[in-house]
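Overview (structure and organization)
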Amino acid sequence: MTGIIVVFPSLDTGKKIKSILTRSGFSVAGVCTSGAQALQEANDLTVGVVLCTYRLPDMMYRELRDCLPAEFQMVAICSREQWEDNGDSGVVSLSQPLKVHELISTMEMVVSHAERIRRKRRTQPRRRTGEEKALIDRAKAVLMERNNMTEAEAHRYLQKTSMDNGTGFTETAQMILSMMDL
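Keep in mind that this is a model prediction, so the values were computed, not measured. (Residues numbered from 1 in each chain as written. Predicted model: local features only at pLDDT ≥ 70, side-chain atom pairs only at ≥ 80, totals over all residues. Heavy atoms only, no water.)

Another point: the pairing of strand β2 (residues 27-32). The sheet contact formed by strand β1 (residues 3-7) and β2 spans five bridges and is parallel. Counted as the bridge partner of Gly3 is Ser27 from β2. At this point the chain moves from β1, through helix α1 (residues 11-23), to the parallel β2, and the crossover so formed is right-handed. (Pairing = 2+ DSSP bridges. Helix = DSSP H or I, 4+ residues; strand = E, 2+ residues; numbered from the N terminus. Right-handed = clockwise from strand over helix to strand, strands pointing away.)

It is worth spelling out the side chain of Gln73 at this point. Among the secondary structure elements, Gln73 is positioned in strand β4 (residues 72-78). When near neighbours in sequence (up to four residues on either side) are disregarded, Gln73 contacts Gly48, Val49, Val50, Val110, His113, Ala114 and Ile117. (Contact = heavy atoms within 4.5 Å.)

Strand order in the open sheet formed by five strands is β2-β1-β3-β4-β5, with parallel pairing between adjacent strands. Every interior strand has two partners, whereas the edge strands, β2 and β5 (92-95), have only one. With strand direction ignored, the average angle separating the axes of adjacent strands in the sheet is 20 degrees. Alignment of strand β3 (residues 48-53) against β4, held across six bridges, turns out to be parallel. Bridge assignment links Cys52 to a residue of β4, and that residue is Ala76. The strands that α1 touches are β1, β2 and β3; relative to β2, the one it contacts most, it runs at about 175 degrees. (Axes fitted to C-alpha atoms, helices over the stretch in contact; angles between N-to-C directions.)

Formed by 20 residues in total, the largest nonpolar core has its most connected members in Val50 and Leu64. Within the residue set of this core, elements represented by two or more residues are β1, α2 (35-43), β3, α3 (61-67) and β4. The biggest single contributor to this core is β4, with four residues. Ignoring any residue separated from it by four or fewer positions in sequence, one finds Leu64 in contact with Gly35, Ala38, Leu39, Val50, Cys52, Leu56, Met59 and Met74. (Core = buried A, V, L, I, M, F, W, Y, C linked by side-chain atoms within 4.5 Å. Buried < 20%, exposed > 50% of the residue type's maximum accessible area, 1.4 Å probe, protein only.)

This part takes up the packing of helix α6 (residues 130-147) against helix α8 (residues 169-179). Between α6 and α8, the least distance of the axes is 9 Å, while the angle of their chain directions is 45 degrees. Classified by the angle their axes make, α6 and α8 are oblique. In the crossing of α6 with α8, the sense of the turn from one axis to the other is left-handed. Where α6 abuts α8, its residues Glu132, Leu135, Ile136, Arg138, Ala139, Val142 and Leu143 lie against Phe169, Thr170, Ala173, Gln174, Ile176 and Leu177. Residues that form the contact of α6 with α8 fall into these classes: nine nonpolar, two polar and two charged. (Parallel < 35°, antiparallel > 145°, perpendicular 65-115°, else oblique. Left-handed = near helix turned anticlockwise from the far one by under 90°. Nonpolar A, V, L, I, M, F, W, Y, C, P; charged D, E, K, R; others polar.)

Here the focus is the packing of aromatic side chains. According to the stated counting rule, one finds one aromatic pair in the structure shown. Residues Tyr54 and Tyr61 carry aromatic rings whose centres are separated by 5.5 Å and whose planes lie at 40 degrees to one another, so their mutual orientation is tilted. In this pair, the class of Tyr54 matches that of Tyr61, namely buried. (Phe/Tyr/Trp six-rings, centres within 6.5 Å; stacked < 30°, edge-to-face > 60°.)

With that out of the way, let us pick up α2. Residues Gly35, Ala38, Leu39 and Ala42 constitute the buried set of α2. Burial along α2 is one-sided: seen end-on, the buried residues are contained in an arc of 100 degrees. Facing away from the buried side of α2, by more than 90 degrees, are the exposed residues Gln40 and Asn43. Of the surrounding secondary structure, the elements contacted by the buried residues of α2 are β1, β2, α3 and β4. (Arc of directions from axis to C-beta.)

Before going further, it helps to examine the environment of Leu64. One can find Leu64 in helix α3. For Leu64, a relative accessible area of 0% puts it in the buried group. Taking the C-alpha atoms as reference, Leu64 lies 18 Å from Leu11; in sequence the two are 53 residues apart.

Structure (structure tokens):
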């Protein structure tokens, strides 16, 4: 589930917004009073939404956005004048004074977008580093040479062994190389 981090200079205001969001069924991971606290909170989440004001005690919303992981969405609450002068296309804005129904509908839209990104990223295969690829290729080469396998058979053997043992593909290749004393 996508966690929401509420960031407001006033802790009371942040708690009130958290209460509104929680009653509407959202998962609020934390309430922070500074950008630095929000970044610490974001490190504990894989994907999320930051709801903040235009200006925080230690940074502007743009600085916070630039420091957040790419998986995070941002909603900034500010006046129309502030947004017209300094708006950011990668950030959703809510104008002040804040209306509860606008907050809820905007958060529904942003959270559903974050969830789509999370699901899409989860279905994509993990990218291996060059070192991991070399390790896997060496394990396949050893299997092909010592067991007279084709590359496809060696790959399938690594795959099946990995699944049977509940280990990662790279870890299985490492085990095979260590068993063969290479």
